[in-house]
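Fold and contact review
Residues per chain are reported as follows:
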Amino acid sequence: MTVDDRFADLDWHRDEYGARGTAPVTGPVSDWTTDFSHVEPEWSQNPYPILDDLRQRCPIAHTDRFGGAWLPTTFEDVAAIAHDTDGFSSRSIIISNVRPPLDIAPVGVAPPISSDPPFHHGARKLLLTVFTRQAVKKLEDATRAYCHELLDQMQGREVVDAAQDYAQHIPMRVISDMLGFPPEDGPKFAVFVHNALEGINLTPEERVAKSALLTDYLYAQVQDHLANPRDDLTTYLLETEVDGHKLDPFHVLGTMALLLIAGIDTTWSAIGASLWHLAKTPADRERLAAEPQLMATATEELLRAYAPVTMARLVKKDMHWHGVDMKADDWVLLSFPSANRDPERFERADEVVLDREENSHVAFGLGIHRCVGSHLARMELRVALEVWMERFPTFSLADPDGVVWSLGQVRGPRHLPLRLG
Amino acid sequence: MKVLLDSGRCQGHGRCYDLAPEVFGEDDEGYARVHGDGVVLPDAERVATLAAKNCPENAIDLIQDNALQGATS
C-alpha cells in the first residue's frame with residue numbers, strides 16, 4: 001500500500017466562512033410574518049401554533065435576521081423547494097450568520113447533505129449501500145441489547161432524565177461504532193452536536209472557532225485509521241474511490257462530520273420527543289402498551305407530528321417565487337415539521353393518531369437529499385421505544401417545566417424528567 | 001390491480017417495501033423495485049394501496065382492474 005499523503009500536510013482548518021458574515025440579531029420576535037426566528041425560546045418551546053398560524057395567513061414568512069431568510073409553511077411549498085435543486089442550493093443547510101463562499105458548491109462543507117448536483121450523486125451513492133434497510137438490520141440486535149443495558153442502569157430509580165440517560169446514548173453508540181470511534185467519547189460528541197446545531201446565532205468568528213473543535217477530533221480519528229485501518233465507515237471513506245480517485249480529504253472529513261452530527265442529534269430528538277408525547281398523553285401510552293402491534297404506525301405518526309429536522313437552503317439567484325421576491329443568497333428554512341402538519345395534506349393534522357395508516361410524512365425530507373440514514377433512524381427509534389415500553393410501560397412527566405427543548409433546526413428534548421411507575 | 005413505480009421520483013424512503021413486501025423490493029442502494037410485472041394479487045391489494053398512499057414522493061400509481069381491461073379491449 002502506498003503512503004496516503006492526502007492528509008500529510010493538510011491545513012484542515014481551512015477558512016470555510018471567508019465569504020459573508022452578518023451580525024447576530026437576538027431578542028423577542030416582533031411579528032412572526034416579518035421577523036421570525038427559530039432560535040428564540042418561544043419557538044423552541046412550541047413552534048407548532050406559530051407554524052399553523054403562518055400557514056393560514058402568510059404562508060411564506062420572512063426575517064431580516066441571519067442576513068435575510070424565508071420560511072415557507074405549506075406542504076406544497078416545502079416539497080417544491082426540496083425538489084428544486086436548480087433554484088435552491090444546499091451549500092449550507094444550517095442557517096447561521098455566515099454564508100459559506102459560493103465556490104464551496106457543489107461539494108459544500110459536509111457532503112452529500114451540503115452538495116448540489118452533479119457532484120451530489122456520487123457522494124450520496126457511496127453512503128446509500130452502507131445505510132440500506134438490509135445493512136441496518138444487522139445492527140438491530142446490538143442496538144436492542146444496548147437499550148436494555150441503559151435501562152438496567154435506571155432500574156429502581158423513581159425519576160430519570162430520559163433525554164440524557166437514554167435517548168442520546170442510543171444513536172451515539174450506534175454511529176460511533178459504525179465510524180469506529182471510541183465509545184467513551186460520547187460526552188465529546190454531545191459538545192460537537194450542541195456547537196453545530198445550537199450554537200448558530202453567534203458571530204462568524206465564534207462559529208468558526210467552535211467548528212474547529214470537531215474538525216480537530218475528526219482529523220485525529222483519520223490519522224488513527226490511516227495507521228490502523230479496520231472494518232468501519234472511517235476506513236471505508238479513506239479507501240473508497242469515485243471514478244478511479246480516492247476522495248478529497250475535505251470530502252472525507254466533511255462526510256465524517258455529517259454522519260456524526262446528523263446521526264446523533266436527530267434520532268436523539270425523535271426518541272425523546274416520542275417519549276415526551278407518551279409521558280404527557282396517558283391514553284396513547286396505555287394504548288401502545290396494550291397493543292404493541294401498533295408500534296409500526298405509531299413510530300411513523302410520532303415522526304410526522306414531532307419531525308425533529310428542519311433543513312435550510314440558499315436561494316441561487318434573484319427570483320419571484322410563489323408570491324415573494326427572493327434574493328440571491330437569502331436563506332430558506334425548509335420546515336418538514338410544518339409540511340407534516342399541513343391540513344391540506346393530512347387529515348386531523350394537529351392530532352397524534354397512533355393507528356394512522358395513510359401517512360406520507362416527510363420527516364426525512366424529500367427529493368435527492370432524503371435522509372441517507374432514514375432506515376437506521378427508523379430502526380433505532382422503533383427499538384428504543386419497544387424496549388422502553390416493554391421495561392417501563394408506566395411513566396409520566398415528573399416535572400413538565402423541567403423539560404428543556406433544543407434550539408434551532410433540530411428540535412427535541414435535551415432534558416426530559418420522567419417518573420417511572 | 002397493477003402498480004406502476006416511477007423510478008425517477010423514487011428516493012429510497014422504503015415505505016413501500018416495508019408495508020408491501022409482497023409487491024415491492026429494494027435494490028442494493030435502497031431504491032424500490034416492483035416484483036415481476038407489477039400485477040397485484042387480490043390478497044395484496046390492501047397493502048399495495050397503503051404503500052402508494054404512504055409514499056412521500058408520490059412515486060407509485062395504482063391501476064385498477066377495470067382500467068386495465070379498458071386498456072386492453
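Our structure is the block above this text.
The structure reproduced in this document is the subject of the present report. (Residues numbered from 1 in each chain as written. Chains lettered and ligands numbered in written order. Predicted model: local features only at pLDDT ≥ 70, side-chain atom pairs only at ≥ 80, totals over all residues. Heavy atoms only, no water.)

What follows deals with the environment of M172(A). Residues and elements named next belong to chain A. Within the fold, M172 resides in helix α8 (residues 169-179). What makes M172 buried here is its relative accessible area of 4%. For the pair M172 and V403, spaced 231 residues apart in the sequence, the C-alpha separation amounts to 21 Å. Not counting the four nearest positions on each side in its chain, M172 is found in contact with G186, F189, A190 and I264. (Helix = DSSP H or I, 4+ residues; strand = E, 2+ residues; numbered from the N terminus. Buried < 20%, exposed > 50% of the residue type's maximum accessible area, 1.4 Å probe, protein only. Contact = heavy atoms within 4.5 Å.)

A word on the nonpolar core. Residues and elements named next belong to chain A. In terms of nonpolar packing, the biggest core is built from 154 residues, with Y166, L275 and W388 touching the most fellow members. Per-element tally for this core: the top contributor is helix α12 (residues 249-280), with 18 residues. Ignoring anything within four residues of it in the chain, the contact list for L275 reads A162, Y166, L385, W388, F395, L416 and L418. (Core = buried A, V, L, I, M, F, W, Y, C linked by side-chain atoms within 4.5 Å.)

Put simply, C58(A) and P59(A) share a cis peptide bond, and its omega is -25°. If you trace the backbone, P59(A) turns up in the loop between α2 (48-57) and β2 (60-63). Along the chain, P117(A) connects to P118(A) via a cis peptide bond; the corresponding omega equals 0°. Non-glycine residue N58(B) carries a positive phi angle of around 50°. Tracing the backbone through its elements, the reader meets N58(B) in the loop between α2 (45-54) and β4 (60-63).

Let us look at the environment of E140(A). Residues and elements named next belong to chain A. Within the element layout of this structure, E140 appears in helix α6 (residues 140-152). Using a relative accessible area of 16% as the deciding quantity, one classes E140 as buried. Along the chain, E140 and V383 lie 243 residues apart, while their C-alpha atoms are 7.6 Å from each other. Leaving out residues up to four positions away in the same chain, E140 has contacts with M379, R382 and V383.

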